[in-house]
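Working through the structure, step by step
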Amino acid sequence: LIDIENSIKAQESRGYSHWAKINNLKQAAKTVNFLTENNILQYADLSAKVTKITAASEQTGDALKGVEKRLSDMALLIKNITTYQQTKPIFDGYWAAKNKAQYRAANESALILHEAAAKALKAVQAGNGGKLPNVATLQAEYARVGKEKEALYAEYGKLKKQVKEYGVIKQNVDSILRENRDREKTNEINL
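Please read all numbers here as calculations on a predicted model, not as lab measurements.

What to know about the side chain of Ser57
Note that Ser57 resides in helix 3 (residues 43-96). Exposure remark for Ser57: the relative accessible area of 5% places this residue in the buried category. Excluding anything up to four places from it in sequence, Ser57 contacts Tyr156, Leu159, Lys160 and Val163.

As structure tokens, this is what we get:
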């Protein structure tokens, strides 16, 4: 709703003022229709609904952050396992080489990647009985969690839309109630 009394533009332009009044009536009608359709008959019911939807939106947002973190961790784990497995033959060749310095110089980048991956995977191996997780299993879980993320995104978008919609309705109701209180005070003073 547009506050016509405090709008400079409405005071300067009769056309804008007229349009604002019609717009406010349309918004008030939409607000009443929305409240009726959603069976919201008390202001407390509206406040409770806004609080409930906001809490659900925040909870879904937190769940989405958790899923995104899990996906990130899984992607890093898959990358480290893959790198470790791909560079393992080169690392084994380093230990078997007679001239380690020459072999290391020739395969420096692969050895560095292997050592970094091995270091990152030590904690995973310790928690998994000394074994690395299966990459295929991790990729299947990654796909499943990815679908869960998509569903959470859809739910989060829907809830954000509802939060915005109910927020506008609540603002309109607050504005209408404020105008009614102001009119009542003005009528009391004029008596």
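The discussion continues.
Remarks on unusual backbone geometry
Of note, Asn39 is a non-glycine position whose phi angle comes to about 55°, a positive value. Among the secondary structure elements, Asn39 is positioned in the loop between helix 2 (14-37) and helix 3. For Asn39, a relative accessible area of 57% gives the class exposed.

Looking at helix 2
Taking 1.5 Å per residue as the helical rise, helix 2 with its 24 residues ought to reach 34 Å, and the 34 Å between its terminal C-alpha atoms agrees with that figure. Turning to helix 2, its buried residues number three or more, namely Ser17, Ala20, Asn23, Asn24, Ala28, Thr31, Phe34 and Leu35. Positive phi appears at Asn39, one or two residues downstream of helix 2, with a value of about 55°.

Looking at the packing of aromatic side chains
For the structure shown, the criterion picks out five aromatic pairs. For the ring pair Tyr16 and Trp19, a centre distance of 5.6 Å and an interplane angle of 35° mean the geometry is tilted. Linking Tyr16 with Trp19, this pair stays in helix 2, spanning three residues, or about one helical turn. You can call Tyr16 partly exposed: its relative accessible area is 21%. Taking 6.0 Å as the distance between ring centres and 80° as the angle between the ring planes, the aromatic pair formed by Phe91 and Trp95 counts as edge-to-face. Highlighted residues: Phe91 and Trp95, both in helix 3, separated by four residues, approximately one helical turn. Classification of Phe91 as buried rests on a relative accessible area of 17%. Here Trp95 falls in the exposed class, since its relative accessible area comes to 55%. Taken together, the ring pairs in this structure connect Phe91, Tyr94, Trp95 and Tyr103 into an aromatic cluster. Here the guanidinium or amino end of Lys100 rests over the ring plane of Tyr94, the centre of that ring lying 5.5 Å away.

Parameters and conventions
Residues numbered from 1 in each chain as written. Predicted model: local features only at pLDDT ≥ 70, side-chain atom pairs only at ≥ 80, totals over all residues. Heavy atoms only, no water. Helix = DSSP H or I, 4+ residues; strand = E, 2+ residues; numbered from the N terminus. Buried < 20%, exposed > 50% of the residue type's maximum accessible area, 1.4 Å probe, protein only. Contact = heavy atoms within 4.5 Å. Expected span 1.5 Å × (residues − 1). Phe/Tyr/Trp six-rings, centres within 6.5 Å; stacked < 30°, edge-to-face > 60°. Lys NZ or Arg CZ within 6 Å of the ring centre and 35° of its normal.

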